[in-house]
Amino acid sequence: MAFGWIDEQADARRRAGLVRTLRPRPADSPLLDLASNDYLGLARHPEVTEGAAAAARTWGGGATGSRLVTGTTALHRELEEELARFCGFEAALVLSSGYAANLAAVTALAPHGSLLVSDAGNHASLIDGCRLARAATQVVAHADPDAVRKALGTHGGQAVLVSDTVFSVDGDAAPLARHAEVCREHGAGLVLDDAHGLGVLGDGGRGAPHAAGLAGADDVVVTVTLSKSLGSQGGAVLGPARVIDHLVNTARTFIFDTGLAPAAAGAALAALRLLRREPERAARARAVAAELHARLSGAGLRAVRPDAAVVSVCAPSPEQAVRWAADCRAAGLAVGCFRPPSVPDGISRLRLTARADLSGAQIERAVRVIGETRP
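Residues numbered from 1 in each chain as written. Predicted model: local features only at pLDDT ≥ 70, side-chain atom pairs only at ≥ 80, totals over all residues. Heavy atoms only, no water.

(A) Looking closely at the packing of helix H4 (residues 98-108) against helix H9 (residues 241-250). Packing of H4 against H9 leaves a shortest axis separation of 10 Å and a crossing angle of 100°. In terms of their interaxial angle, H4 and H9 are classed as roughly perpendicular. Taken together, the residues of H9 that come into contact with H4 (itself represented by Ala104, Ala105 and Ala108) are His246, Leu247 and Thr250. Residues of the contact of H4 with H9, tallied by class, amount to 4 nonpolar, 2 polar and no charged. (Axes fitted to C-alpha atoms, helices over the stretch in contact; angles between N-to-C directions. Helix = DSSP H or I, 4+ residues; strand = E, 2+ residues; numbered from the N terminus. Parallel < 35°, antiparallel > 145°, perpendicular 65-115°, else oblique. Contact = heavy atoms within 4.5 Å. Nonpolar A, V, L, I, M, F, W, Y, C, P; charged D, E, K, R; others polar.)

(B) Representation of the sheet that holds strand E10 (residues 333-338). Reading across the sheet, the 4 strands line up as E1-E10-E11-E9 and stay open at both edges, with mixed pairing between neighbours. At either end of the open sheet lies a strand with only one pairing partner, and these are strand E1 (32-34) and strand E9 (310-314). Strand-to-strand twist in this sheet, taken as the mean axis angle between neighbours without regard to direction, amounts to 35°. Note: E10 against strand E11 (residues 349-353), 3 bridges, orientation antiparallel. Directly across from Cys337, in E11, lies its bridge partner Leu350. Running over the sheet, helix H14 (residues 360-372) touches E1, E10 and E11 and is turned about 80° from E1. (Pairing = 2+ DSSP bridges.)

(C) Focus on the UniProt feature "domain: Aminotransferase class I/classII large" (unreviewed entry) in the protein. UniProt marks residues 31-370 with the feature "domain: Aminotransferase class I/classII large" (unreviewed entry), using the numbering shown here. Secondary structure within residues 31-370 divides into 42% helix and 16% strand; the distance between the first and last C-alpha atoms comes to 14 Å. (UniProt positions renumbered as here; feature names shortened; annotations may be inferred.)

(D) Main features of the pattern of salt bridges. Overall, the coordinates contain 18 salt bridges when judged by the stated rule. Among the salt bridges present, the one from Arg149 reaches Asp146, with a minimum N-O distance of 2.9 Å. Residue Arg149 and its partner Asp146 are both found in helix H6 (residues 145-153); the two are separated by 3 residues, about one turn of the helix. A relative accessible area of 30% places Arg149 in the partly exposed class. Take Asp146: its relative accessible area is 47%, and that puts it in the partly exposed class. Through salt bridges with shared partners, a single ionic network connects Glu78, Glu82, Arg273 and Arg276. (Salt bridge = Lys/Arg side-chain N within 4 Å of Asp/Glu carboxyl O. Buried < 20%, exposed > 50% of the residue type's maximum accessible area, 1.4 Å probe, protein only.)

(E) Main features of helix H7 (residues 176-185). Looking only at H7, the buried set comprises Leu176, His179, Ala180, Val182 and Cys183. Looking straight down H7, one finds its buried side chains confined to an arc of 165°; they lie on one side. On its buried face, H7 is in contact with H6, strand E5 (159-164), strand E6 (189-193) and helix H8 (208-211). Phi turns positive, to about 65°, at Gly187, one or two residues after H7. (Arc of directions from axis to C-beta.)

Here it is in structure tokens:
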């Protein structure tokens with residue numbers, strides 16, 4: 001029977017406790033949200049939603065075509081210019097998602113004969129970029145500059161290190177300054193995914209590369225998402241103008257994809273301007289994450305110290321992680337649940353995301369619910 005193997009895989013997932021399901025949320029959920037990536041609490045901010053609405057009224061519901069045909073508006077260009085200026089780079093290119101931005105950057109900057117060095121903890125979009133690129137790929141130990149040095153030493157040609165700046169599972173940060181030093185020893189470039197750094201790290205939320213002194217360097221390319229701290233949708237690649245021009249001409253997820261919807265561009269631009277006006281939001285997100293970690297650890301839970309806004313709490317097994325998250329939900333708290341194969345080390349977790357708009361009472365409530373429902 002066609003696709004008969006699907007049933008076998010479904011049975012295997014059920015036995016392993018790894019079934020995933022969609023759960024539509026209502027527009028006005030009563031749950032305390034520590035599951036979304038709305039780090040700055042901007043997704044429903046009136047200025048951001050009005051930015052989306054105004055863009056839709058002006059430009060329509062969709063971009064109407066690829067960016068190279070009819071999908072580029074003055075709004076897209078405005079967003080690219082302000083995003084590049086805010087993060088400290090020469091130019092930016094907006095794509096339909098952060099995933100598409102990573103595929104674009106990795107595949108376009110790693111031609112045949114080159115080497116990609118990829119951190120073992122990288123996001124799936126970077127991993128898929130490496131798989132699609134024509135370069136050879138070496139996966140190296142997590143956040144280990146010496147492993148990067150060793151890998152680069154095996155290759156005499158063009159090479160690129162690909163890494164998250166903040167890893168999505170545990171919220172730990174990559175050693176960016178040391179990575180840059182190693183890459184420069186070998187003349188290699190860096191492609192850094194700052195999805196979890198933009199809006200949280202750096203001066204006023206300008207991102208992890210900015211905090212590490214790498215913004216604007218001619219050997220550094222950064223990807224970001226507009227769907228986390230900026231509360232919208234889409235992604236972007238930041239870097240030297242010649243690199244951005246190269247992507248416009250070669251990156252398939254840019255050339256052959258419909259442009260980002262104007263409403264998403266308008267929302268992201270409004271959020272970026274709000275963050276520039278209220279830079280304290282970035283520090284508040286980090287403070288909430290630190291307080292969550294301290295309180296969870298104080299309650300005897302095994303929580304990982306956050307470097308940005310992600311806090312993970314280890315669970316005994318995939319099945320118990322799922323039950324734990326469900327019990328939290330029943331008690332009015334939404335948390336993420338990460339299980340294999342989403343976690344590279346096989347350890348299941350509750351994944352909490354700190355938000356700049358969480359109050360002290362909400363933090364206390366979240367810690368209490370997680371402690372009371374622990375397996």
